[in-house]
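# Notes for the structure review
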Amino acid sequence: MEGVMEETTERRTDVAVKGEAAIKPEFLTTKEKFHGFIDSEWQGCKGEKTGESDMLVEANDTSVEEPEPKKFKLDPKEEKNAETTDRKRLRGQNKSRPYTKPTTYEEKRLCLSVIQKRECTFGDKCTFYHDVTAYMASKPADIGEHCYLYETFGKCEYGLTCRFSKTHTTPDFNTTEKEDLVKAFEGRTLTKNSLSKDLQFRLRKRSVAFKKSEEYLKTLSNNKDKKKQHANANLVEICAAEGSADPKEENKQLTIDPDHPPPVKTLGPLTDADVTKLRPCEKKQVDFRDKLYLAPLTTCGNLPFRRVCKRFGVDITCGEMAMCTNLLQGHQSEWALLKRHESEDLFGVQVEGCFPDTMTRCAELINNYTDVDFVDINSGCPIDLVYKKGGGCGLMTRTRKFEQIIKGMNHVLDVPLTVKIRTGVQEKSNIAHKLIPEMKTWGVSMITLHGRSREQRYTKIADWDYINTCAELASPIPLFGNGDILSYEDAMKARETGVSGIMIARGALIKPWIFTEIKESRHWDISSSERLDILKDFTNYGLEHWGSDTRGVEKTRKFMLEWLSFMCRYIPVGLLERMPQKINERPPYYMGRNYLESLMASQNVGDWIRISEMLLGPVPKNFIFLPKHKANAYK
């Protein structure tokens with residue numbers, strides 16, 4: 001330990017100043033010593049487990065090589081001489097990463113007809129197992145002795161394919177049930193907003209009616225002819241200013257063409273449409289103020305993760321960003337992003353699109369076939385795939401289309417419409433303050449502002465002074481601020497501004513218990529065993545959501561590994577020399593207070609796989625994983 005102390009003091013003098021978190025010297029170490037300790041202790045743990053050493057797959061062989069550590073920003077003079085390839089390596093995503101379908105982890109699966117105890121519709125042409133004995137002989141070994149689904153709900157719908165099947169399978173391969181638990185959950189819908197086969201079929205055949213959307217889109221098409229619009233407007237202004245000597249002539253000039261309504265509102269008889277249409281005051285009202293909002297997080301903000309955050313006190317949850325065109329085409333994978341658990345009491349969905357017709361129809365589809373409390377428009381997404389076609393941040397520069405989208409969605413929705421934006425597109429050219437006063441007149445119920453531009457992505461510090469300025473402009477509409485919140489102290493500083501509430505994104509991925517810290521105004525020195533229990537809960541929720549068969553287990557593992565790529569950045573409070581930890585400070589190599597704490601601090605993909613093996617058993621032989629994000633904020 002003395003050698004480590006001497007070596008770490010040298011590290012602190014020249015490296016810690018450049019964006020590294022301040023950790024007590026006695027815990028600091030080097031990369032070589034850290035990984036040497038992790039590997040040796042892991043091998044020791046494996047050796048103690050008799051009979052399991054052959055079953056466990058070496059994690060280093062199943063992971064892609066660890067990416068190079070993030071380089072610090074160069075001086076302006078040095079930056080000019082840097083190679084373009086090195087600069088490209090600082091991008092935030094691992095593109096073209098390897099992908100393996102979950103179906104490839106099983107050579108041959110058991111036919112669904114055997115599980116459901118019915119006749120197979122494919123007959124002799126079916127390529128799946130129908131012989132239960134042969135399937136059980138080729139099936140991978142069970143992961144554990146307790147099936148979460150069976151012990152929670154009284155039965156496991158995956159039957160013999162469950163990776164915990166010994167719990168609910170008799171020696172003659174029949175499945176058992178707990179009648180008392182089955183009755184307790186009978187008729188109870190735990191997850192809502194699933195896509196029915198009937199609706200999917202009608203969406204694919206384009207036979208779903210969008211009456212309200214067509215009404216709104218018709219008004220847009222009628223106003224396309226700009227010359228007629230300006231001519232009618234000028235005619236009304238002239239008649240109002242000069243008047244007409246002949247009342248009959250005045251009536252002729254102001255005759256209203258039903259196919260071409262005037263650009264100004266006119267009085268007329270009260271129709272049924274006016275009576276039945278919901279006015280803004282009659283729409284569902286949601287009190288957003290002074291609440292903690294979990295941001296819609298692509299990939300990691302799945303339903304099991306949101307359930308974990310609900311346990312720690314988050315108030316508002318939102319589904320992952322969904323593409324409106326994919327929803328309209330009935331894509332099952334896109335509709336899965338709209339699913340809502342019963343524990344999510346204040347839940348919304350976020351949609352992305354760039355055209356008024358598709359966004360309006362998508363809003364009406366969500367309004368008619370899902371149960372949500374609000375709908376959010378993503379106009380802050382910075383990725384090229386979305387921006388280049390005019391969506392995400394691109395909407396902020398296409399104000400006319402943006403206005404048509406907001407007004408159209410408001411026309412068809414019975415729930416509030418919210419918008420998430422950034423400060424702007426270019427780094428030094430903020431435009432949010434110009435958009436917010438206009439959005440107030442368009443009918444937005446809440447605005448969320450991320451304190452960075454598109455060019456900044458997640459680098460640099462979020463501009464909370466600018467967020468405060470925009471919050472004053474947005475009043476009385478609530479405005480939520482977002483950016484760089486990783487502790488309750490960060491949240492308190494954010495609340496000192498004029499924002500109505502705060503949205504937390506990466507901070508929740510790094511430490512989901514941040515919502516408890518904020519509500520209790522304290523730093524939580526959470527132990528490694530408590531953090532492992534959080535991962536156990538996520539595992540159980542994942543098996544419930546994605547399934548307890550091999551396919552569901554590997555899908556749960558994949559999303560857990562994506563989450564661990566963020567969670568490994570957390571530094572325990574007891575190890576910090578200066579509190580709180582800042583979100584853009586890179587954790588140096590350090591030894592935890594026990595082996596599990598050290599293992600959870602590793603930024604090596606192979607060590608994340610080891611953690612997953614503790615909860616979901618050994619990985620398949622053909623398993624490979626590379627995280628989606630490279631932690632671009634460390635700069």
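Just so you know, these numbers come straight off a predicted model, no measurement behind them.

The rules behind each value
Residues numbered from 1 in each chain as written. Predicted model: local features only at pLDDT ≥ 70, side-chain atom pairs only at ≥ 80, totals over all residues. Heavy atoms only, no water. Helix = DSSP H or I, 4+ residues; strand = E, 2+ residues; numbered from the N terminus. Buried < 20%, exposed > 50% of the residue type's maximum accessible area, 1.4 Å probe, protein only. Contact = heavy atoms within 4.5 Å. Areas by Shrake-Rupley, 256 points an atom, 1.4 Å probe, with all protein chains shown as cover. UniProt positions renumbered as here; feature names shortened; annotations may be inferred. Pairing = 2+ DSSP bridges. Right-handed = clockwise from strand over helix to strand, strands pointing away. Salt bridge = Lys/Arg side-chain N within 4 Å of Asp/Glu carboxyl O. Arc of directions from axis to C-beta. Disulfide = S-S within 2.5 Å. Core = buried A, V, L, I, M, F, W, Y, C linked by side-chain atoms within 4.5 Å. Phe/Tyr/Trp six-rings, centres within 6.5 Å; stacked < 30°, edge-to-face > 60°. Lys NZ or Arg CZ within 6 Å of the ring centre and 35° of its normal. Axes fitted to C-alpha atoms, helices over the stretch in contact; angles between N-to-C directions. Parallel < 35°, antiparallel > 145°, perpendicular 65-115°, else oblique. Left-handed = near helix turned anticlockwise from the far one by under 90°. Nonpolar A, V, L, I, M, F, W, Y, C, P; charged D, E, K, R; others polar.

## Some remarks on the overall build of the protein
Helix and strand content of the protein: 29 helices and eleven strands. When each of the 635 residues of the protein is scored for burial, the buried share is 49%. In the protein, the share of contacts with a sequence separation of at least 24, taken over all contacts with a separation of at least 6, comes to 72%. Roughly 32,200 Å² of accessible area belongs to the protein as shown, and the carbon and sulfur atoms make up 51% of that amount.

## Points about the UniProt feature "zinc finger region: C3H1-type" (unreviewed entry) in the protein
When the UniProt feature table is mapped onto this chain numbering, "zinc finger region: C3H1-type" (unreviewed entry) sits at residues 105-133 and 146-171. With 21% helix and 0% strand, the stretch residues 105-133 has end C-alpha atoms that lie 20 Å from each other. Taken end to end, residues 146-171 has its terminal C-alpha atoms 17 Å apart, with 23% of it in helix and 0% in strand.

## Structural notes on the pairing of strand S10 (residues 479-482)
Of the two faces of S10, both are covered, the one formed by Leu 479 and Gly 481 as well as the one formed by Phe 480 and Asn 482. Summarising the sheet, strand S9 (residues 446-450) and S10 pair through four bridges and their orientation is parallel. Note that in S10 the partner of Ile 447 across the bridge is Leu 479. Taking the sense of rotation as the criterion, the β-α-β connection linking S9, helix H22 (residues 464-474) and S10 turns out right-handed. Bridging between S10 and strand S11 (residues 501-504) involves three bridges; their strand directions are parallel. What sits directly across from Phe 480, in S11, is Gly 501. Read from S10 through helix H23 (residues 488-495) to S11, the crossover connection turns out right-handed.

## A look at the pattern of salt bridges
For the coordinates displayed, the defined rule picks out 29 salt bridges. Across the pair Asp 345 and Lys 310 runs a salt bridge whose closest N-O atoms are separated by 2.7 Å. Here Lys 310 lies in helix H15 (residues 303-311) and Asp 345 lies in the loop between strand S5 (340-341) and strand S6 (347-352), a separation of 35 residues in the sequence. In this structure, Glu 520 and Arg 522 form a salt bridge, with 2.5 Å as the shortest nitrogen-oxygen distance. Relative accessible area serves as the criterion here: at 45%, Glu 520 is assigned to the partly exposed category. By relative accessible area, Arg 522 is classed as partly exposed at 31%. Counted as one network, the salt bridges with shared partners bring together Lys 192, Arg 340, Asp 371 and Asp 373.

## Focus on helix H10 (residues 197-204)
For H10, the full list of buried residues reads Leu 199, Gln 200 and Leu 203. Taken end-on, H10 shows its buried residues confined to a sector of 100°, consistent with a single buried face. Relative to its buried face, H10 has exposed residues pointing more than 90 degrees away, namely Lys 197 and Phe 201. On its buried side, H10 packs onto helix H16 (324-328), helix H17 (332-335) and helix H18 (356-369). Of the residues one or two after H10, Arg 206 is the one with positive phi, at around 55°.

## Some points on the pairing of S9
Most of S9 sits inside the fold, with five of its five residues counted as buried. Burial along S9 is two-sided: the face carrying Met 446, Thr 448 and His 450 and the face carrying Ile 447 and Leu 449 are both buried. As paired strands, strand S8 (residues 417-422) and S9 are joined by five bridges and run parallel to one another. Paired with Lys 420 across the strands is Thr 448, a residue of S9.

## With respect to unusual backbone geometry
A cis amide bond links Ser 475 to the next residue, Pro 476, at an omega of 10°. Looking at the element boundaries, Pro 476 is found in the loop between H22 and S10. Across the junction of Met 579 and Pro 580, the peptide omega takes the value -5°, indicating a cis bond. Along the chain, Pro 580 turns up in the loop between helix H27 (550-567) and helix H28 (595-600). Positioned with a positive phi, Asp 290 is a non-glycine residue whose angle comes to about 55°. The residue Asp 290 is located in the loop between helix H14 (272-276) and strand S2 (292-294) in this model. In this structure Asp 290 comes out as exposed when scored by relative accessible area, which is 64%.

## Quick notes on the state of the cysteines
Here a disulfide denotes one covalent bond, and it connects the sulfur atoms of two cysteines. Applying the stated criterion across every chain yields a total of zero disulfides. A disulfide-free cysteine, Cys 111 has its sulfur positioned 3.8 Å from the sulfur of Cys 120, the nearest such atom. The cysteine Cys 354 is free of any disulfide, with Cys 324 supplying the nearest cysteine sulfur at 7.0 Å.

## Some words on the nonpolar core
Counting 135 residues, the largest nonpolar core has Val 375, Ile 377, Met 409, Met 439, Leu 479, Ile 502 and Leu 535 as its most contacted members. In terms of residue count, the dominant contributor to this core is H27 (eight residues). Beyond its immediate sequence surroundings of up to four residues, Val 375 is in contact with Val 349, Val 351, Ile 366, Met 409, Leu 413, Val 415, Pro 416, Leu 417 and Thr 418. Within the second largest apolar cluster, nine residues are counted, among which are Ala 21, Ile 23, Leu 575 and Ala 601.

## Notes on the packing of aromatic side chains
The full count for this structure, using the stated rule, is 13 aromatic pairs. For the pair Trp 546 and Phe 559, a centre-to-centre distance of 4.7 Å together with 10° between the ring planes defines the contact as stacked. Here Trp 546, found in helix H26 (residues 528-546), pairs with Phe 559, found in helix H27; they are 13 residues apart in sequence, far enough to count as distant. Given a relative accessible area of 12%, Phe 559 falls into the buried group. A connected cluster of aromatic rings, assembled from ring pairs, spans Phe 288, Tyr 293, Phe 374 and Phe 480. When the ring centre of Tyr 387 is taken as origin, the NZ or CZ atom of Arg 454, which lies over that ring, is 3.9 Å away. For Lys 558, the ring lying beneath its charged end belongs to Phe 559, and the centroid distance is 5.0 Å.

## Details of the packing of helix H11 (residues 211-222) against H18
Packing of H11 against H18 leaves a shortest axis separation of 9 Å and a crossing angle of 155°. In this view, H11 runs roughly antiparallel relative to H18, as classed from their interaxial angle. Of the two elements, H11 crosses H18, and the hand of that crossing is right-handed. Between H11 and H18, the contacting residues are Lys 211, Lys 212, Ser 213, Glu 214, Tyr 216, Leu 217 and Leu 220 on the first element and Pro 356, Asp 357, Thr 360, Arg 361 and Glu 364 on the second. Of the residues in the contact of H11 with H18, the class split is four nonpolar, two polar and six charged.

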